[in-house]
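# Coordinates in review
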Amino acid sequence: MPPPFPASPSPSPSPFPSLFSASLPSRDSVVAALRAAGCVFAEDEAALLLNASRTAAELTALVERRVTGLPLELVLGWADFRGLRIAVAPGVFVPRRRTEFLVSKALAHAPHANVVVDLCCGSGAVGAALAAALDRPEVHAADVDPAAVRCARGNLADAGGRVYAGDLFDALPDALRGRVDILAANVPYVPSGEVALLPAEAREHEPLVALDGGSDGLDVLRRVAAAAPGWLAPGGCLLVETSERQAADAVDAFTRAGLTTRLAVCEDLYAHVVIGVRD
């Protein structure tokens with residue numbers, strides 16, 4: 001998966017040495033501490049941290065965790081994704097705003113989907129967003145990482161989603177073969193040699209298995225594309241996020257698998273989604 005966070009705060013000393021008082025510090029003081037640590041969206045983050053705190057001690061703890069480089073979503077314990085609060089936990093890939101584009105493309109293709117699969121599900125954000133937008137679909141999700149599976153089970157509980165642990169399609173029940181209307185696979189796609197160049201939030205706080213896509217970043221994508229036709233219903237679609245640089249090779253992998261393929265791009269989110277349809 002691509003570079004995920006807009007800024008990586010540098011570690012700094014405790015921003016509020018005397019915060020432990022009866023009242024919360026001012027918004028301006030929180031903004032100043034975050035800005036000094038390099039947080040690009042300090043004002044927005046300050047509002048979220050203040051809203052999450054009941055006491056000065058709680059706020060101090062949250063700000064200190066953020067200025068030492070912990071991703072904001074892990075500080076808060078949730079990420080906003082298409083208007084949903086998706087719970088996230090240490091060691092679980094944090095859903096990115098650009099992945100909302102994948103969800104919108106899936107809904108545009110299959111607005112009445114009955115069976116949805118969220119593969120490489122991480123927190124289960126994609127499955128939860130699809131479940132919220134569709135009319136009570138059957139939702140399944142899978143991930144190879146046990147921490148992600150635990151997190152996704154919580155996020156998909158209200159939708160009645162079933163979450164499985166295992167490697168890609170090996171984790172899914174055979175009864176799903178030929179029935180899937182939307183197969184969303186947010187696969188890792190950072191080339192192995194470029195993982196070290198990712199922002200510290202990703203390198204230090206997210207699992208390598210959710211980032212490293214092999215020598216050219218497309219190892220997992222090719223595996224998913226090759227097997228997907230056997231799981232899709234007629235007219236069902238496979239959607240995978242990739243990068244601009246990898247898009248042509250990703251489209252080729254889908255086409256070789258026998259899918260009718262196109263590339264969708266959102267310039268605002270810098271999102272590139274390959275869409276393949278089983279005829």
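Residues numbered from 1 in each chain as written. Predicted model: local features only at pLDDT ≥ 70, side-chain atom pairs only at ≥ 80, totals over all residues. Heavy atoms only, no water.

### Observations regarding the overall build of the chain
- A tally of regular secondary structure across the chain gives 10 helices and 9 strands.
- Taking 279 residues into account, the globule formula puts the C-alpha radius of gyration at 19 Å, and the chain, at 20 Å, falls close to it.
- In terms of principal-axis extent, the alpha carbons of the chain reach across some 65 × 40 × 30 Å.
- Taking all 279 residues of the chain together, the buried fraction comes to 54%.
- Long-range pairs, those at least 24 residues apart, make up 65% of the contacts in the chain between residues at least 6 apart in sequence.
- Entry remark: accessible area of the chain is about 12,100 Å², with carbon and sulfur atoms responsible for 53%.
- In the chain, 24 side chains carry a positive charge and 33 a negative one; their mean positions are 3 Å apart. (Helix = DSSP H or I, 4+ residues; strand = E, 2+ residues; numbered from the N terminus. Rg over C-alpha atoms; globule rule 2.2 N^0.38 Å. Buried < 20%, exposed > 50% of the residue type's maximum accessible area, 1.4 Å probe, protein only. Contact = heavy atoms within 4.5 Å. Areas by Shrake-Rupley, 256 points an atom, 1.4 Å probe, with all protein chains shown as cover. Lys, Arg positive; Asp, Glu negative; His and termini not counted. Charge placed at Lys NZ, Arg CZ, Asp CG, Glu CD.)

### Focus: the pattern of salt bridges
- Under the counting rule described, the total for this entry stands at 16 salt bridges.
- With a closest N to O distance of 3.4 Å, Arg98 and Glu241 form a salt bridge. Here Arg98 is found in the loop between strand E2 (84–87) and helix H5 (100–109), whereas its partner Glu241 is found in strand E7 (residues 232–242), with 143 residues between them in sequence. Across this residue pair, the class does not change: Arg98 and Glu241 are buried.
- Across the salt bridge formed by Arg177 and Asp174, the nearest N and O atoms sit 3.3 Å from each other.
- Overall, Arg177 belongs to the partly exposed group, its relative accessible area being 46%.
- One connected set of salt bridges, linked through shared partners, spans Asp80, Arg97 and Glu100. (Salt bridge = Lys/Arg side-chain N within 4 Å of Asp/Glu carboxyl O.)

### Remarks on the pairing of strand E6 (residues 180–185)
- Burial within E6 is extensive, with 6 of its 6 residues counted as buried.
- Across 4 bridges, strand E3 (residues 115–119) lies against E6 in parallel orientation. Each bridged residue has a counterpart across the sheet, and for Asp118 the counterpart in E6 is Ala184.
- Two strands pair when backbone bridges link them, and E6 and E7 are joined in this way by 4 bridges, in the parallel orientation. Its bridge partner being in E7, Leu183 is matched across the sheet by Leu238. (Pairing = 2+ DSSP bridges.)

### Topic: the side chain of His140
- Along the chain, His140 falls in strand E4 (residues 138–143).
- Of note is the side chain of His140, whose polar atom sits 2.8 Å from the side chain of Tyr164.
- Ignoring anything within four residues of it in the chain, the contact list for His140 reads Val115, Val116, Val117, Asp118, Arg162, Tyr164 and Leu176. (Polar contact = N/O pair within 3.5 Å; in protein donor to acceptor, adjacent residues only side chain to side chain.)

### Considerations on the packing of aromatic side chains
- Applying the stated criterion across every chain yields a total of 1 aromatic pair.
- Judged by centre distance (5.5 Å) and plane angle (20 degrees), the rings of Phe169 and Trp231 are stacked. Of the two residues, Phe169 sits in the loop between strand E5 (162–165) and E6 while Trp231 sits in the loop between helix H9 (219–227) and E7, which places them 62 residues apart along the sequence. (Phe/Tyr/Trp six-rings, centres within 6.5 Å; stacked < 30°, edge-to-face > 60°.)

### Concerning the confidence of the model for the chain
- The predicted model of the chain averages 92 in pLDDT, with 92% of residues at 70 or higher.
- When the criterion is pLDDT under 50, residues 17–22 qualifies, and its contacts beyond four places in sequence or with other chains add up to 7 contacts. (pLDDT = per-residue confidence, 0-100.)

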